[in-house]
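In case you want the letters, here they are:
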Amino acid sequence: MTLPFIKMHGLGNDFAIFDMRGRDAGVLDTDVIRRLSDRKTGIGCDQFIVLEETKHADVFMRIFNTDGSQAEACGNAARCVGALLCEELGKDAVTIETVAGMRYAEKAGDGLYTVNMGAPRWGWQEIPLSEEQDTDSLALPLPGVDKALAVNVGNPHVVFFVENAAKVPLEEWGPAVENHALFPERTNVEFVEVQARNKLRMRVWERGAGVTRACGSGACAALVCAVRAGKTGRTAEIILDGGTLSITWDDETDSIMMTGPVAEVFRGDVSL
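Please read these numbers as outputs of a predicted model, since none were measured by experiment. (Residues numbered from 1 in each chain as written. Predicted model: local features only at pLDDT ≥ 70, side-chain atom pairs only at ≥ 80, totals over all residues. Heavy atoms only, no water.)

K.L.:
Mind showing me how you'd approach the overall build of the chain here?
P.N.:
Across its full length, the chain carries 4 helices and 17 strands. For a compact globule of 272 residues, the expected C-alpha radius of gyration is about 19 Å, and the chain comes in at 18 Å, within 12% of that figure. Viewed in the frame of its principal axes, the chain has a C-alpha envelope of about 50 × 35 × 30 Å. Across the 272 residues that make up the chain, the buried fraction comes to 54%. Contacts in the chain between residues far apart in sequence, at least 24 positions, make up 61% of those at least 6 positions apart. In the form shown here, the chain has an accessible surface area of approximately 11400 Å², with 44% of it arising from carbon and sulfur atoms. Each charge class in the chain was averaged separately, 27 positive and 40 negative side chains, and the resulting centres sit 3 Å apart. (Helix = DSSP H or I, 4+ residues; strand = E, 2+ residues; numbered from the N terminus. Rg over C-alpha atoms; globule rule 2.2 N^0.38 Å. Buried < 20%, exposed > 50% of the residue type's maximum accessible area, 1.4 Å probe, protein only. Contact = heavy atoms within 4.5 Å. Areas by Shrake-Rupley, 256 points an atom, 1.4 Å probe, with all protein chains shown as cover. Lys, Arg positive; Asp, Glu negative; His and termini not counted. Charge placed at Lys NZ, Arg CZ, Asp CG, Glu CD.)

As structure tokens, then:
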């Protein structure tokens, strides 16, 4: 069997997108996803995206990490899929269904797209944690780092505020936190440096993917945690290794709005 795919990225956070509407998505099992996600022997990507039919939105977006595990949310992928759908349907705004709920993507001008990522959740059982803790002050101290904050923005995140994000040993600290016993479903990990009341520098270790150049849901987590900690206002630029996202946490709707660019890299066909 041969399937077409599209390679896209948002700030270097890259995706292999398979449009399985009208096809049997079951052929993309865990083994196939792992093989095609491999950068040396497959297409290569941070997340593997499968588009499916739905009666509730313009498309259903299913998200997989490179290890084959399913993720609930991905902001950069939502922008990429939103751009594809706006072009396909001739619309300025589209609705994307995910396992974490509905996401709304719209054109924002100059090649930018905005996605409504929904409202953050703070309860320890909503993260989820394996035991009750204050999610604004997790007992997860790292060398020279204060306690962390946890939030669910469709998927789980832990945010550490640091003096210098560039000096964080991501490949050491990231997996240690991701696989900590406190997180029964593992977690994404962000290290955030506050540069101004409206500017954050962030580096990320993604659950099931490792170090990536950008993470849209992680940028959302960074902003809302910074607001909770009194470090920023409700709108800020989040500077990632791959570029900058603009995040706003709307105080009236409680929704997180993420704006950033998308790029198509190439299209191809792959034999299974």
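From this point, the narrative continues.
K.L.:
I tried to follow the environment of Ala165 on my own but got confused; where do I start?
P.N.:
In this fold, Ala165 is placed in the loop between strand 10 (156–161) and helix 3 (170–178). Taking the C-alpha atoms as reference points, Ala165 and Gly218, 53 residues apart in sequence, are found 14 Å from one another. Ala165 has contacts with Phe191, Glu193, Arg201 and Arg203, leaving out every residue within four places of it along the chain.

K.L.:
Would you take a moment to explain the packing of aromatic side chains for this structure?
P.N.:
We describe a pair of aromatic rings using the distance from one ring centre to the other and the angle between the two ring planes. Counted according to the given criterion, the structure contains 6 aromatic pairs. Summarising the aromatic geometry, the rings of Trp173 and Phe191 are spaced 5.8 Å apart at their centres and angled 45° between planes, so their arrangement reads as tilted. Taken together, the residues Trp173 in helix 3 and Phe191 in strand 11 (residues 188–196) connect sequence positions 18 residues apart. An aromatic cluster is built from Phe5, Phe18, Phe48 and Phe266, whose rings are joined through pairwise contacts. Seen from the ring of Trp249, Arg234 lies directly overhead, with NZ or CZ sitting 4.2 Å from the centre. (Phe/Tyr/Trp six-rings, centres within 6.5 Å; stacked < 30°, edge-to-face > 60°. Lys NZ or Arg CZ within 6 Å of the ring centre and 35° of its normal.)

K.L.:
Looking at this structure, I do not really get the pairing of strand 12 (residues 199–206). What am I missing?
P.N.:
In the case of a regular strand, side chains alternate between the two sheet surfaces. Most of strand 12 sits out of view: 7 of its 8 residues are buried. Inspection of the sheet shows strand 12 paired to strand 14 (residues 235–240) by 3 bridges, in the parallel sense. Residue pairing for strand 14: Lys199 is matched across the bridge by Glu237. Bridging between strand 12 and strand 13 (residues 210–212) involves 3 bridges; their strand directions are antiparallel. Its bridge partner lying in strand 13, Glu206 is registered against Gly210. (Pairing = 2+ DSSP bridges.)

K.L.:
Please explain the environment of Thr244 as it appears in this structure.
P.N.:
Relative to the helices and strands, Thr244 is located in strand 15 (residues 243–249). Of the residues examined, Thr244 reaches a relative accessible area of 37% and is grouped as partly exposed. Thr244 sits 44 residues away from Leu200 along the chain, and the two C-alpha atoms are 9.6 Å apart. Excluding residues that lie within four positions of it along the chain, Thr244 makes contacts with Leu11, Glu237, Ile238, Ile239 and Pro261.

K.L.:
Is there a simple way to think about the nonpolar core in this case?
P.N.:
Counting residues in hydrophobic clusters, the biggest one holds 55 residues, and the most contacted among them are Ile17, Ile49, Met61, Val81, Ile238 and Ile247. It is helix 4 (residues 216–228) that provides the largest number of residues to this core, a total of 9 residues. Ile247 has contacts with Ala219, Cys220, Leu223, Arg234, Thr235, Ala236, Ile238, Ile256, Met257 and Met258, leaving out every residue within four places of it along the chain. Judged by nonpolar contacts, the second largest core, of 21 residues, contains Leu140, Ala148, Ala150 and Trp173. (Core = buried A, V, L, I, M, F, W, Y, C linked by side-chain atoms within 4.5 Å.)

K.L.:
I would appreciate a short explanation of the side chain of Arg79 in the present structure.
P.N.:
Looking at where Arg79 falls in the secondary structure, it is placed in helix 2 (residues 75–89). Of the side chains with opposite charge, Glu206 comes closest to the buried, unpaired Arg79, at an N-O distance of 11 Å. At 2.7 Å, the side chain of Arg79 forms a polar contact with the backbone oxygen of Pro261. Non-local contacts of Arg79, meaning those with residues more than four positions away in its chain, are made with Gly10, Leu11, Tyr113, Val115, Leu245, Met258, Thr259, Gly260, Pro261 and Val262. (Salt bridge = Lys/Arg side-chain N within 4 Å of Asp/Glu carboxyl O. Polar contact = N/O pair within 3.5 Å; in protein donor to acceptor, adjacent residues only side chain to side chain.)

K.L.:
What should I look at first to understand the pattern of salt bridges in this one?
P.N.:
Side-chain pairs of opposite charge can arise whenever the charged atoms involved come near each other. Inspection of the entire model under this criterion finds 16 salt bridges. Overlapping salt bridges, with partners in common, bring together Lys7, Asp14, Arg39 and Asp46 in one network.

K.L.:
Which parts of the structure should I look at to understand the side chain of Glu178?
P.N.:
On the secondary structure map, Glu178 appears in helix 3. A polar contact is formed between the side chain of Glu178 and the side chain of Arg186, at a distance of 3.0 Å. At a separation of 3.1 Å, a polar atom in the side chain of Glu178 contacts the main-chain amide nitrogen of Gly208.

K.L.:
Teacher, can you tell me more about the environment of Trp173 here?
P.N.:
Judged by its relative accessible area of 12%, Trp173 is buried. Separated by 16 residues in sequence, Trp173 and Val189 have C-alpha atoms that sit 8.8 Å apart. Not counting residues up to four positions away in its chain, the partners in contact with Trp173 are Leu142, Pro143, Val145, Val168 and Phe191.

The quantities given are spatial measurements derived from coordinates; they are silent on function.
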